[in-house]
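Working through the structure, step by step
Chain by chain, the residues run as shown.
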Amino acid sequence: MKHSPNCPPKCPMCAGVSRRHFLRSLLPGALALSVLSAAEPARAEHTAKALVLSCIDFRFLQAERYLLSLQNLSNQYDWTALAGASLALSGFPNGADTDAFWDQLELSYKLHHIKKVIILDHQDCGAYAVKVDPNLSNNYERELKVHSDYLNLAYWAIRERYPELSVELYFVTLNTELISVLPVPRPQTGTQPLS
């Protein structure tokens, strides 16, 4: 092929690139374009049974997924992980975590039509050690009480915004025991758990 005077600068043909090489370089883009144009647009018509809020602690992920499967929720939930789980709704470590949870809950509710929220706190949580007491996990009864207090604050905050959603609260032990935490009567506004 001869160079045309109308060729743009750095024309592949003028730079000594063969026609075959030039056409081969276009092939991946053409394939991607044909695949993308054939794909169906995304639809958010699927539903989830729940939004699960857990801590970011990787030690509990496998156990939490297993425990959720025992409740007939296998792969039928949206998952959000924030340090401290229920603690994140109190603004720890900052308000961005709280905002992120509310954003995720709203999207899960609107897009996937969830019916409940499940919050999974766990034993020996580093976020609670930072916020409440570095020795909190040394006293199981106190640790469970503090988590229960924050779980209840989260319960009432969610119920206030989404009264139609049920909320389940759990504390997962190091032995992967799932302890149900029952909600208590609504605390007074502005109340923070005692440590």
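Here is a short report on the structure shown in this document.

Cut-offs used in this document
Residues numbered from 1 in each chain as written. Predicted model: local features only at pLDDT ≥ 70, side-chain atom pairs only at ≥ 80, totals over all residues. Heavy atoms only, no water. Salt bridge = Lys/Arg side-chain N within 4 Å of Asp/Glu carboxyl O. Helix = DSSP H or I, 4+ residues; strand = E, 2+ residues; numbered from the N terminus. Core = buried A, V, L, I, M, F, W, Y, C linked by side-chain atoms within 4.5 Å. Buried < 20%, exposed > 50% of the residue type's maximum accessible area, 1.4 Å probe, protein only. Contact = heavy atoms within 4.5 Å. Expected span 1.5 Å × (residues − 1). Polar contact = N/O pair within 3.5 Å; in protein donor to acceptor, adjacent residues only side chain to side chain. Axes fitted to C-alpha atoms, helices over the stretch in contact; angles between N-to-C directions. Parallel < 35°, antiparallel > 145°, perpendicular 65-115°, else oblique. Left-handed = near helix turned anticlockwise from the far one by under 90°. Nonpolar A, V, L, I, M, F, W, Y, C, P; charged D, E, K, R; others polar. Pairing = 2+ DSSP bridges.

**Focus: the pattern of salt bridges**
If charged atoms from side chains of opposite charge come close, those side chains can pair. Scanning the model with the defined rule gives seven salt bridges in all. In this structure, the salt-bridge partner of Asp124 is Arg59, at a minimum N-O distance of 3.0 Å. Of this pair, Asp124 sits in the loop between strand E3 (116-122) and helix H4 (126-131) while Arg59 sits in the loop between strand E1 (50-54) and helix H2 (61-70); the two residues are 65 residues apart in sequence, bridging distant segments of the chain. Shared partners join several salt bridges into a network, and the residues in it are Asp57, Arg59 and Asp124.

**Some details on the nonpolar core**
Most often, soluble globular proteins keep nonpolar side chains buried together rather than apart. Judged by nonpolar contacts, the single largest core of 34 residues is most densely connected at Phe101, Leu105, Val117, Ile119, Tyr128 and Ile158. When contributions to this core are tallied by element, the ones reaching two or more residues are E1, helix H3 (95-112), E3, H4, helix H5 (140-161), strand E4 (166-172) and strand E5 (178-181). No other element matches H5, which puts six residues into this core. Setting aside residues no more than four positions away along its own chain, Tyr128 makes contact with Gly84, Ser86, Leu87, Asp121, Asp133, Leu136, Val146, His147 and Tyr150. If you look at the next biggest cluster of nonpolar residues, it comprises 11 residues, including Phe60, Leu67, Leu73 and Ile118.

**Some points on H3**
Spanning 18 residues, H3 covers 25 Å between terminal C-alpha atoms, matching the ideal 26 Å at 1.5 Å per step. Close packing links the buried residues of H3 with E1, strand E2 (77-81), E3 and H5. By the N-cap criterion, in which a side-chain oxygen at the helix start approaches the backbone nitrogen of a residue two or three places on, H3 is capped by Asn94, the distance to Ala96 being 2.8 Å. Downstream of H3 by one or two residues, His113 has phi in the positive range, about 55°.

**Structural notes on the packing of H3 against H5**
Taken N-terminus to C-terminus, the directions of H3 and H5 make an angle of 45°; their axes are 12 Å apart at the nearest point. In terms of orientation, H3 lies oblique with respect to H5. Our pair here, H3 against H5, has a crossing hand that is right-handed. Contact residues: Phe101, Trp102 and Leu105 in H3; Ala157, Ile158 and Arg161 in H5. Residue classes in the contact of H3 with H5 are distributed as five nonpolar, no polar and one charged.

**A word on H5**
In this model H5 runs 32 Å from its N-terminal to its C-terminal C-alpha over 22 residues, within 8% of the 32 Å that 1.5 Å per residue would give. If you check which residues of H5 are buried, you get Glu143, Val146, His147, Ser148, Asp149, Tyr150, Leu151, Asn152, Ala154, Tyr155 and Ile158. Where H5 is buried, its residues contact H3, E3, H4, E4 and E5. Two or three places before Glu141, at the opening of H5, Asn139 has a side-chain oxygen 3.3 Å from that residue's backbone nitrogen.

**Some points on the sheet that holds E3**
Pairing between the strands of a sheet comes from backbone hydrogen bonds, and it takes one of two forms, parallel or antiparallel. On the basis of which strands lie adjacent, the open sheet formed by five strands has the order E2-E1-E3-E4-E5 and mixed pairing. Of all the strands in the sheet, the pair left with one neighbour each is E2 and E5. Direction aside, neighbouring strands of the sheet carry axes that sit 25° apart on average. Here E4 pairs with E5 via four bridges, running antiparallel. Within E5, the residue paired with Tyr170 across the bridge is Ser180. Relative to the sheet, H2 contacts E1, E2, E3, E4 and E5, its axis offset from that of E2 by approximately 155°. Strand contacts of H5: E3, E4 and E5, with the helix running at about 160° to E4, the strand carrying the most contacts.

**Side note on the pairing of E4**
Counting buried residues along E4, five of its seven residues qualify, which places the element largely inside the surrounding structure. One ladder, built from seven bridges, connects E3 with E4; its direction is parallel. Among the inter-strand pairings, Asp121 is bridged to a residue of E4, identified as Phe171. Counting the residues that bridge the hairpin from E4 to E5 gives five residues, and of these Thr176 lies at a positive phi of roughly 60°.

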